[in-house]
Amino acid sequence: MKIAFFDAKDYEIPWFTREGDKNGIEFKFFETKLCEDTAELARGFDGVCVFVNDEVNAAVIEKLYGFGIRVVALRCAGYNNVALEHCFGKIHVFRVPAYSPYAVAEHTAALLLASVRRIHKAYNRTKDFNFSLNGLMGFDLHGKTVGVVGTGKIGRIFIEICKGLGMRVLAYDKFPGKEEGFRYVGLGELLEQSDVISLHCPLTEETYHLIGEEAIGQMKKGVVLLNTSRGALIDAEALLDGIKRRVIGAACLDVYEEESDLFFRDFSGHIVDDDVLARLISMPNVIVTSHQAFLTEEALSNIAETTVQNLVAFFSDKPCENELCYRCGRIEDCKKQRSGKCF
Ligand code: NAI
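Residues numbered from 1 in each chain as written. Predicted model: local features only at pLDDT ≥ 70, side-chain atom pairs only at ≥ 80, totals over all residues. Heavy atoms only, no water.

**Some remarks on the overall build of the protein chain**
Alright, step 1. Along the backbone of the protein chain there are 10 helices and 13 strands.
Alright, step 2. In terms of overall size, the protein chain behaves like a compact globule, its C-alpha atoms giving a radius of gyration of 21 Å where 343 residues would be expected to give roughly 20 Å.
Alright, step 3. Projected onto its principal axes, the C-alpha positions of the protein chain cover 60 × 50 × 35 Å.
Alright, step 4. Out of the 343 residues in the protein chain, the part that is buried amounts to 51%.
Alright, step 5. On the protein chain, roughly 16,500 Å² of surface is accessible, and the fraction owed to carbon and sulfur atoms is 50%.
Alright, step 6. The centroid of the 40 positive side-chain charges in the protein chain is displaced by 4 Å from the centroid of its 49 negative side-chain charges. (Helix = DSSP H or I, 4+ residues; strand = E, 2+ residues; numbered from the N terminus. Rg over C-alpha atoms; globule rule 2.2 N^0.38 Å. Buried < 20%, exposed > 50% of the residue type's maximum accessible area, 1.4 Å probe, protein only. Areas by Shrake-Rupley, 256 points an atom, 1.4 Å probe, with all protein chains shown as cover. Lys, Arg positive; Asp, Glu negative; His and termini not counted. Charge placed at Lys NZ, Arg CZ, Asp CG, Glu CD.)

**Observations concerning the packing of aromatic side chains**
Alright, step 1. For the coordinates displayed, the defined rule picks out 14 aromatic pairs.
Alright, step 2. Summarising the aromatic geometry, the rings of F16 and F27 are spaced 5.6 Å apart at their centres and angled 90 degrees between planes, so their arrangement reads as edge-to-face. Highlighted residues: F16 in helix α1 (residues 13-23) and F27 in strand β2 (residues 26-29), separated in sequence by 11 residues.
Alright, step 3. Relative accessible area serves as the criterion here: at 0%, F16 is assigned to the buried category.
Alright, step 4. Members of the aromatic cluster, connected to one another through ring pairs, are F5, F16, F27 and F29.
Alright, step 5. Across the ring face of Y65, the terminal group of K90 is positioned such that the distance to the ring centre comes to 5.9 Å. (Phe/Tyr/Trp six-rings, centres within 6.5 Å; stacked < 30°, edge-to-face > 60°. Lys NZ or Arg CZ within 6 Å of the ring centre and 35° of its normal.)

**A closer look at the site of the ligand**
Alright, step 1. Near the ligand lie 22 residues; those nearest to it are Y99, K153, I154, D173 and T228.
Alright, step 2. One of the side-chain nitrogen or oxygen atoms of K153 is found 2.9 Å away from an oxygen atom of the ligand.
Alright, step 3. Here an oxygen atom of the ligand sits 3.5 Å away from a polar atom, N or O, in the side chain of S229.
Alright, step 4. Protein contact buries 87% of the 870 Å² of open area that the ligand shows by itself.
Alright, step 5. Split by residue class, the shell around the ligand holds 9 nonpolar, 8 polar and 5 charged. (Near = heavy atom within 4 Å. Polar contact = N/O pair within 3.5 Å; in protein donor to acceptor, adjacent residues only side chain to side chain. Nonpolar A, V, L, I, M, F, W, Y, C, P; charged D, E, K, R; others polar.)

**Some words on unusual backbone geometry**
Alright, step 1. Of note in this structure, D7 is not a glycine but carries a positive phi near 55 degrees.
Alright, step 2. You can see D7 is positioned in the loop between β1 (2-5) and α1.
Alright, step 3. According to the relative accessible area criterion, D7 is buried, its value standing at 5%.

**A short note on the domain arrangement of the protein chain**
Alright, step 1. Assigned domains of the protein chain: these are domain 1 (2-99 + 297-336) and domain 2 (101-288).
Alright, step 2. Averaged C-alpha coordinates put domain 1 and domain 2 at centres separated by 30 Å.
Alright, step 3. Listed by partner, the interface residues are 13 residues for domain 1 and 9 residues for domain 2.
Alright, step 4. Where domain 1 abuts domain 2, roughly 900 Å² becomes buried across the two surfaces, and 55% of that area is made up of carbon and sulfur atoms.
Alright, step 5. In terms of surface lost to domain 2, no three residues of domain 1 exceed K33, N53 and N80, which account for 44% of the buried area on that side. (Domains from an automatic or database assignment. Contact = heavy atoms within 4.5 Å. Buried area = accessible area lost by both parts, 1.4 Å probe.)

**What about the environment of D273?**
Alright, step 1. Inspection of the secondary structure puts D273 in the loop between β11 (248-253) and α9 (275-282).
Alright, step 2. In this structure, the C-alpha to C-alpha distance between D273 and P284, residues 11 residues apart in sequence, is 20 Å.

**Considering the side chain of N53**
Alright, step 1. Considering the arrangement of structural elements, one finds N53 in the loop between β3 (47-50) and α2 (58-66).
Alright, step 2. Only 3.3 Å separates the side chain of N53 from the side chain of E259, close enough to count as a polar contact.
Alright, step 3. The contacts of N53, once residues within four sequence positions are left out, are K33, N81, E259, S260 and F264.

**Thoughts on the state of the cysteines**
Alright, step 1. Scanning the model with the defined rule gives 0 disulfides in all.
Alright, step 2. Not engaged in a disulfide, the cysteine C35 finds its nearest cysteine sulfur in C49; these two sulfurs lie 16 Å apart. (Disulfide = S-S within 2.5 Å.)

**As for the sheet that holds strand β12 (residues 286-288)**
Note: strands within a sheet are paired through backbone hydrogen bonds, in either parallel or antiparallel orientation.
Alright, step 1. Reading across from one edge, β8-β7-β6-β9-β10-β11-β12 is the order of the 7 strands in this open sheet, with parallel pairing throughout. Every other strand in the sheet has two partners, leaving β8 (183-184) and β12 as the edge strands with one partner each.
Alright, step 2. Note that strand β6 (residues 145-149) and strand β9 (residues 196-199) share 4 bridges and pair parallel. Its bridge partner being in β9, V148 is matched across the sheet by S198. (Pairing = 2+ DSSP bridges.)

**Some details on the packing of α1 against helix α10 (residues 297-315)**
Alright, step 1. Interaxial distance between α1 and α10 falls to 9 Å at its minimum, and their mutual angle equals 35 degrees. Note on packing geometry: the crossing formed by α1 with α10 is right-handed. Counting all contacts with α1, which are made through W15, F16, E19, G20 and N23, the residues of α10 involved are E297, L300, S301, I303, A304, E305, T307, V308, Q309 and V312.
Alright, step 2. By residue class, the composition of the contact of α1 with α10 is 7 nonpolar, 5 polar and 3 charged. (Axes fitted to C-alpha atoms, helices over the stretch in contact; angles between N-to-C directions. Left-handed = near helix turned anticlockwise from the far one by under 90°.)

The following block contains the structure:
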């Protein structure tokens, strides 16, 4: 089976090639992202494989369907870039629900520690043999309150790390689970009480700009805001304003609302047009990584393995729990009565 693999990066090609070879799946790697203009490249293939910033909107789905393509394999957990409602009856969509929640939770912790101990500043200084400590004052995380929004796989691991640091943990989730050494509170209380706020919920219509002017207005002065989930959870302009007004003490962003045209590519030596991102990056108390939180050897190995297994299940007509179901609306936990498939 031949799969058109969009937005391919050097670091993932060996993993997918190896896993595909073992299972009779041949990947053709395209550097370009999937969008309406590039969908034509998928003609003649049996399926497509996409990542977080590929555009799988209604127009793209129609084109793929017209080419006879019946499967889209997401090699990521989030699926906000896929117009699922247009897929029903046409294209089956699979994802990799979990590949290493540790990778993302640990990256979040790395950002937090780097930020509060000014490691990003110190690293640059000592490279220049500047051993001054002025301006590098941090604060202890021990005893501070962290507010975690979204207590799923990643959120819970991050909570464990924070507990290990001796932090008090508050959490907010639309669908609260078991309280394990932390306390669920309303979002308002979390915003008001937290010294550190970390976002681990999905991007949905409801969570779009969850952190905007109003939410920032409720936060403690000096709060550290972490986002390793999805960029549009935060209104970036409101964030910038909050930083300028000294409400937000630091921001660590692995994701950014307008990242799709920028992240995963090298723009050094270019003029970047995004003024909000440029201003955020210029701030001494902002750390930006470019959607890197998932990038560990363990995660890539799991991503390649699960993506290929999803494709194998589809082509051998077997049910697969990683298929997203859009028929009943319960996208992730549908029982898939019809021979275990969405349609
Ligand atoms: P998960 O599905 O295990 O957990 C998500 C949690 O958010 C659930 O407990 C759910 O009840 C909660 N939630 C849903 N709607 C909510 C709302 N309106 N308000 C508050 N909470 C809500 O997902 P997981 O694996 O923990 O991933 C979390 C997010 O991390 C993903 O949605 C994805 O966007 C992001 N992610 C980022 C990566 C990166 O490289 N930066 C890599 C992988 C995931």
